Amino acid sequence: MGQIFHLNKKNLIIKKMKKHFIIIIPVLLLAMLIVPGCTKQLDSKVYDQVTEDNFFKTPQQVNATLAQAYTPMTGIPMPPDGAFNLNEVSSDELIVPTRGNDWYDGGKWQRYWTHTTLYTDADVNSAWSSYTSGVTACNFVLNLLTSLPSADKPANASQVTAEIKVLRAYYLLGLMDLFGNIPLVTNFNTKPSSVVQSTPSQVYAFLESELLANIPLLQLPSPSNFGHMTKYGGYMVLAHLYLNAQIYTGTPQWGKAGAMADTVINSGAYSLQPNYLDNFIVANQGSVENIFVVPFNNLYIGGNSWETCTLHYSNIYTYNLTGQPNNGYCSPTGFYKSFTATDTRIKMWELGQQYSSSGAKLTDLGTGLLCIISPYVLQLSNPADSFRLAGARSIKYAPQPGTANNTSNAGVIYRLGEAYLIKAEAALRSGDAASALTAVNFIRVRAGVPAWGTADLTLPNLLAERGREMAWETTRRDDLIRFEVADGIPYFTGARIPGKSQDPDKHTFLFPIPQAQMITNSNLKQNPGY
Amino acid sequence: MAYRLKRDLLKDVDWVTDMKLRIGYGVVGNSNGINPYETLTLFNAGTRYYDGSNQSYLYPNSYSYSQNPNPDLQWEERIGRNIGLDFSLFNDRLSGDVNYYNDKTEHMLYSYGVPTPPFIYSSIEANVGSMSNKGLEIALTGKVIKGDGVNWTVNGQITFVKTKVLSLSGTYDGYPVASNDIVTGTAAGRGLTNTNLTYLVQGDPLNMFYLPHYTGVDANGNEEFDGKTLAQYSAAGEAVPLHYIDPNPKFNYGLTNTFSYKNWSFNFFLRGVYGDKIYNNVLMDYQTITRLPAANTTVAAINSPIKDGLQISDHWLEPGSYLRLDNASLGYTFKNVKGFSNLRVYVAGNNIFVITKYQGLDPEISAPFIDQNTYPKARTFTLGTNISFK
């Protein structure tokens, strides 16, 4: 019975309320008088939550708090992170074609590829937010460290402070690299209405002095600080800043870039991993080559979705995954073709007939076609059944059996291999071809391809070698822009197969300031051309 | 404030049993949006991190700042203004009330966007925007038959509400904060990541759809929006025109009937919504031949003129009006049974039928009016007895 008259009762209550409205008003007026009196009592002591006052007391608490400065790193270097997508899909080494309707996603992948990115595109704000949450988390930690009474400060406070500052420099560099004119906020207590953009030159000058001052205070690498910004990680940040100096300031700094790479190479702290792909295996903590990495774990630290983003659906059976991959990211044909058959690095690509782990031929369940991955991606969008199999897939980061979506391979940010390439490029551009040749041949010999002679060492060849060595490691966009700026050849803005025409001008070197930021901070000015 | 017209003005009008005119004004605070301690800097156990210095526990929790604190957070205020008429006519045979209200919510609590940097998180709970709610409520109760044996009472009510977002931006403590064009609903389906459907728009009702207008297909079965296919727009370098569509219902209504005849009683309650629109996301995902043969499709997909892939448009927006027999019951009370003070047997049903043109499982979809396999309401029948012993 009660159920049936449910609504009647409700009406009754409403009616009663209306009848009491006359009483309610004076009560409300009274309440309004009382409310201001209550505000003081709101500052009550908090017992069941962690606040600034009751945390940060033990070394473990300090460490756990510092860790937040590193957690934004998990949203930067791997697919499908916004920063990864913007850096990679705008370059010539990674494409996410629309397969039927799969991977259309509002057209964003096609826009990144054709350099027609909108300021509303999701990855634009997600890349911005990943870097800025890193910056603000560092600011927050630095603010805490300064405000601690000296008795409570950790013993290694100066080293920790320097480490967080260098880490912040990494975030700021990444942000400036994508967006150019960025808010340079280095104090947690900055008044938001005062936040305005700095030019790349201003950011560059700040980063250079910040890095030079703090890198010497950093720790040397050891298993206990795996995943942390160590001294040589710091030098790699600085090497990157100098390497791209001409993009940011108009003035190249080849000599300084080479010197920073030399510092890393000559430190003796790292050596080339004999087998290139061992740097990217599931248990790659043992790599002697990796300098700065982001630790991931399939159970505890999510964020490495490499296998999910690139492998074909049927590859679930190849690697005994627990979830179906999404059949998306692949290599453009031209980029794949730049690898020779003897190059051991070509093993990073997955092509041809796919097999199950027990050796049976796999078919594409959606179409019934044999699952034969083709290197040809000749359209940006194609509904044909065969297009589901288009494009070389990357198994550079080894898939991890028994996982779905998150794997345990640490994400490599900097490694010694790149230091050699920075050295080679900087030396060649400074007129020291002999040193350049030595450096690049370390890389070529390790890859199992013939060492270059003097005649082979040209700038276009070096750019191509960099492409093969650093494939999908988020440096390609910078490399193309840097060579375009230095040599005047439209490596970045030029036409590209499939479906990309020459950019109208060079505004595409930068991405647009995200809409979400433009709305919330009226001081921000959009980059030219957007 | 109320004025009882019956007391003087209508004192001598016989058919008016009672009549009262009332107007009200009040400010009601609402703090439902505020969680405890939202004003403070709090740390939460956050993402795990790798701690190489402790091999026995490699993945401890990091502790991080869990929110942007807002020390100035206060209640939002709903300023209520209403005018109404309560009446009872023909010796209480017809009674009811009509109520019109025009409320304005100020210092509206919402999670507003803030710039990063300097904020850690991209939103802050703050009192910034304002919203208006205007509505008309009419409730009528008629005692159609009133007698010794037979009683029939009809109770009907209808509600018209118009909600409008007046402002979503402003300043908080001198900081500009804004949330215009906030996305409130997104599409689900393969190839539809980051595809937004509904927005909060300043000056409009809540949850406005912003969609291309479907006008048909070309010779190859490609969908046309305002006369052109996506490829044609793209070739011409134009953006697909989008249109705002308000999905909110025009009115809600309910009708209760209560009959009693001697020992029998019978009640039913009908209710419905008129004029809302629902985005049939489920149909969009299945009514396509592009998934064959891997996934199931509807039969209609095979005959559909649309041959291309999934495109969001108003094509998938369906009228969501419905009339539901929410519940009904029939009971019989045994009188004067020895040993019992009350003995009643009844049969009752909930959600007995729904009349709607909507093609999905259930048209009762709450805001933002996007059907993504909402679990439908169950239909239940109950056979029961009420017994009380002396």
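Chemist: Can you tell me about the overall build of chain B, naming the residues and giving the values?
Modeler: What chain B contains, in helices and strands, is three helices and 25 strands. The C-alpha atoms of chain B give a radius of gyration of 28 Å, which is well past the 21 Å a tight globule of 390 residues would have. When its C-alpha atoms are laid out on the principal axes, chain B stretches across 80 × 60 × 55 Å. In chain B, which comprises 390 residues, the share counted as buried stands at 43%.

Chemist: With reference to specific residues and values, describe the sheet that holds strand 17 (residues 242–245) of chain B.
Modeler: Residue and element names in this part refer to chain B. Pairing within the open sheet is antiparallel, and its four strands lie in the order 11-12-13-17. The sheet is open, and its two edges are formed by strand 11 (182–186) and strand 17, each paired on a single side. Across the sheet, the mean angle separating the axes of adjacent strands is 35° when strand polarity is ignored. Taken together, the two bridges between strand 12 (residues 196–200) and strand 13 (residues 208–212) define a ladder with antiparallel strand orientation. Pairing of Thr198 across the sheet is with Phe209, part of strand 13.

Chemist: Residues and numbers for the environment of Ala495 of chain A, please.
Modeler: All names here are of chain A. Checked against the element boundaries, Ala495 lands in the loop between helix 17 (476–487) and helix 18 (515–520). The exposure class assigned to Ala495 is exposed, which follows from its relative accessible area of 59%. Once residues lying within four places of it in the same chain are set aside, the contact partners of Ala495 are Lys500, Ser501 and Gln502.

Chemist: Give a description of the side chain of Arg324 of chain B that names residues and reports values.
Modeler: Residues and elements named next belong to chain B. Residue placement: Arg324 occurs in strand 22 (residues 322–334). Here Asp362 takes part through its side chain, which lies 2.8 Å from a polar atom of the side chain of Arg324. The residues contacting Arg324, other than those within four sequence positions of it, are Phe269, Leu270, Arg271, Asn351, Phe353, Val354, Asp362, Glu364 and Lys377.

Chemist: Describe in detail empty space enclosed by the protein, supporting the description with residues and values.
Modeler: Under the counting rule described, the total for this entry stands at four cavities of 30 Å³ or more. What the largest cavity holds in volume is close to 360 Å³. Lining the largest cavity are 24 residues, and of these Tyr131, Tyr170, His240, Tyr414 and Thr474 of chain A sit closest to its centre. In terms of residues, the lining of the largest cavity owes the most to one element, helix 7 (residues 157–179) of chain A, which gives four residues. For the lining of the largest cavity, a count of residues per class yields 14 nonpolar, six polar and four charged. If you add up the space inside the second largest cavity, you get close to 80 Å³. Lining the second largest cavity are 15 residues, and of these Gln287, Thr288, Ile306, Asp308 and Gly309 of chain B lie nearest its centre. Here the residues of the lining of the second largest cavity are counted per class, giving six nonpolar, six polar and three charged.

Chemist: I'd love a proper account of helix 16 (residues 459–469) of chain A, names of residues and values included.
Modeler: Residues and elements named next belong to chain A. Among all positions in helix 16, only Leu462, Leu463, Glu465, Arg466, Gly467, Arg468 and Glu469 are buried. For helix 16, the secondary structure elements touched by its buried residues are helix 9 (231–243), helix 13 (333–337), strand 11 (411–415), helix 14 (416–429), helix 15 (433–446) and helix 17. Measuring from the backbone nitrogen of Asn461 back to the side-chain oxygen at the start of helix 16 gives 3.2 Å, which picks out Thr458 as the cap.

Chemist: Talk me through the pattern of salt bridges; I want residue IDs and the actual numbers.
Modeler: Throughout the structure, instances matching the rule amount to 37 salt bridges over all chains. A salt bridge links Lys228 of chain B to Glu238 of chain B; the nearest nitrogen and oxygen atoms lie 2.9 Å apart. Within this pair, whereas Lys228 of chain B is found in strand 16 (residues 228–229), its partner Glu238 of chain B is found in the loop between helix 1 (230–235) and strand 17, the two being separated by 10 residues in sequence. With a relative accessible area of 40%, Glu238 of chain B lands in the partly exposed category. In this structure, Arg324 of chain B and Glu364 of chain B form a salt bridge, with 2.9 Å as the shortest nitrogen-oxygen distance. Linking Arg324 of chain B in strand 22 with Glu364 of chain B in the loop between strand 23 (340–356) and strand 24 (370–371), this pair joins segments that are 40 residues apart in sequence. The class for Glu364 of chain B is partly exposed, based on a relative accessible area of 28%. The network of salt bridges with common partners includes Glu289, Asp343, Arg345, Lys396, Arg415, Arg444, Arg446, Glu465, Arg468, Glu469 and Glu473 of chain A.

Chemist: Let's hear about the packing of helix 7 of chain A against helix 8 (residues 200–214) of chain A: which residues, and what values?
Modeler: To characterise two packed helices, one gives the angle between the axes of the helices and the distance between these axes. Residue and element names in this part refer to chain A. Between helix 7 and helix 8, the least distance of the axes is 10 Å, while the angle of their chain directions is 155°. The orientation of helix 7 with respect to helix 8, classified from their angle, is roughly antiparallel. Here helix 7 and helix 8 pass one another in a crossing that is left-handed. Where helix 7 abuts helix 8, its residues Ala162, Lys165, Val166, Arg168, Ala169, Leu172, Leu173 and Met176 lie against Pro200, Val203, Tyr204, Phe206, Leu207, Glu210, Leu211 and Asn214. Its residues assigned to classes, the contact of helix 7 with helix 8 shows 12 nonpolar, one polar and three charged.

Chemist: Before we move on, can you summarise unusual backbone geometry with the specific residues and values?
Modeler: A cis amide bond, omega -15°, links Thr116 of chain B with the succeeding residue Pro117 of chain B. Structurally, the position occupied by Pro117 of chain B is in the loop between strand 6 (94–113) and strand 7 (123–146). Note that the residue after Pro117 of chain B, namely Pro118 of chain B, is joined by a cis bond; omega there is 10°. Mapping Pro118 of chain B onto the fold places it in the loop between strand 6 and strand 7. You will see that His115 of chain A, though not glycine, has its phi angle at about 60°, which is positive. Under the relative-accessibility criterion, His115 of chain A is labelled buried at 8%. Positive phi, normally seen in glycine, also occurs at Asn351 of chain B, with a value near 55°. Within the fold, Asn351 of chain B resides in strand 23. Residue classification places Asn351 of chain B among the buried residues on the basis of a relative accessible area of 7%.

Chemist: I'd like a rundown of the packing of aromatic side chains, residues and numbers included.
Modeler: Residues and elements named next belong to chain A. Within this structure, the stated rule accounts for 40 aromatic pairs over all chains. Taking 4.6 Å as the distance between ring centres and 50° as the angle between the ring planes, the aromatic pair formed by Trp306 and Tyr397 counts as tilted. On the criterion of sequence distance, the pair formed by Trp306 in helix 12 (residues 306–310) and Tyr397 in the loop between strand 10 (393–394) and strand 11 is long-range, its members being 91 residues apart. Note on Trp306: relative accessible area 2%, which makes it buried. On the basis of relative accessibility, which here comes to 3%, the residue Tyr397 falls in the buried class. Measuring from ring centre to ring centre gives 5.8 Å for Phe339 and Trp349, while their planes differ by 85°; the resulting arrangement is edge-to-face. On the criterion of sequence distance, the pair formed by Phe339 in the loop between helix 13 and strand 6 (349–350) and Trp349 in strand 6 is long-range, its members being 10 residues apart. Note on Phe339: relative accessible area 6%, which makes it buried. Looking at Trp349, the relative accessible area reads 6%, which means it is buried. Here the guanidinium or amino end of Arg496 rests over the ring plane of Phe492, the centre of that ring lying 5.9 Å away.

Thresholds applied
- Residues numbered from 1 in each chain as written.
- Chains lettered and ligands numbered in written order.
- Predicted model: local features only at pLDDT ≥ 70, side-chain atom pairs only at ≥ 80, totals over all residues.
- Heavy atoms only, no water.
- Helix = DSSP H or I, 4+ residues; strand = E, 2+ residues; numbered from the N terminus.
- Rg over C-alpha atoms; globule rule 2.2 N^0.38 Å.
- Buried < 20%, exposed > 50% of the residue type's maximum accessible area, 1.4 Å probe, protein only.
- Pairing = 2+ DSSP bridges.
- Axes fitted to C-alpha atoms, helices over the stretch in contact; angles between N-to-C directions.
- Contact = heavy atoms within 4.5 Å.
- Polar contact = N/O pair within 3.5 Å; in protein donor to acceptor, adjacent residues only side chain to side chain.
- 1 Å grid on protein atoms, 1.4 Å probe; cavity = no way out; pocket = protein on both sides within 12 Å on 5 of 7 lines; lining within 4 Å.
- Points joined across faces, edges and corners; volume = space filled by probe spheres on them.
- Nonpolar A, V, L, I, M, F, W, Y, C, P; charged D, E, K, R; others polar.
- Salt bridge = Lys/Arg side-chain N within 4 Å of Asp/Glu carboxyl O.
- Parallel < 35°, antiparallel > 145°, perpendicular 65-115°, else oblique.
- Left-handed = near helix turned anticlockwise from the far one by under 90°.
- Phe/Tyr/Trp six-rings, centres within 6.5 Å; stacked < 30°, edge-to-face > 60°.
- Lys NZ or Arg CZ within 6 Å of the ring centre and 35° of its normal.

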